Amino acid sequence: MLTITVNGMHCQNCSNSVKEAMVKAGAANVVVDLDKKCVTWDGNVTKEQAKDIIDGQGFDAVL
């Protein structure tokens, strides 16, 4: 499993938009933890790709 820190997520809608974008890109078992400000996933999505995906949703992913 891979994990990336994400700043700017505040609510369930934030979580849903990140999760949907990651799944659409091919990530599996995506878990968004609002309290820890992170996203964890399996699959063929690299951390760099995840950063681009999450940043594209209007959040700030940190490698």
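Source: prediction; values computed, not measured.

**Some points on the pattern of salt bridges**
Enumeration over the complete set of coordinates arrives at one salt bridge. Two residues, Lys51 and Asp55, come together in a salt bridge whose shortest N-O distance is 2.8 Å. A residue pair is termed a helical-turn pair when its members lie 3 or 4 positions apart in one helix, as Lys51 and Asp55 do in helix α2 (residues 47-56) at four residues. Note on Asp55: relative accessible area 28%, which makes it partly exposed.

**Comments concerning unusual backbone geometry**
Phi is positive for Asn29, which is not a glycine, with a value near 50°. Checked against the element boundaries, Asn29 lands in strand β2 (residues 27-33). For Asn29, a relative accessible area of 53% corresponds to the exposed category.

**A short note on α2**
Along α2, the residues that are buried comprise Ala50, Ile53 and Ile54. In a view along the axis of α2, the buried residues occupy a sector of 95°, so they form one face of it. Turned more than 90 degrees from where α2 packs its buried face, Glu48, Asp52 and Gly56 sit exposed. Tucked inside the fold, the buried residues of α2 contact β1 (2-7), α1 (12-24), β3 (38-43) and β4 (60-62). Positioned one or two residues after α2, Gly58 has a phi angle of 95°, which is positive.

Criteria and thresholds
Residues numbered from 1 in each chain as written. Predicted model: local features only at pLDDT ≥ 70, side-chain atom pairs only at ≥ 80, totals over all residues. Heavy atoms only, no water. Salt bridge = Lys/Arg side-chain N within 4 Å of Asp/Glu carboxyl O. Helix = DSSP H or I, 4+ residues; strand = E, 2+ residues; numbered from the N terminus. Buried < 20%, exposed > 50% of the residue type's maximum accessible area, 1.4 Å probe, protein only. Arc of directions from axis to C-beta. Contact = heavy atoms within 4.5 Å.

Read these as geometric descriptors, not functional statements.
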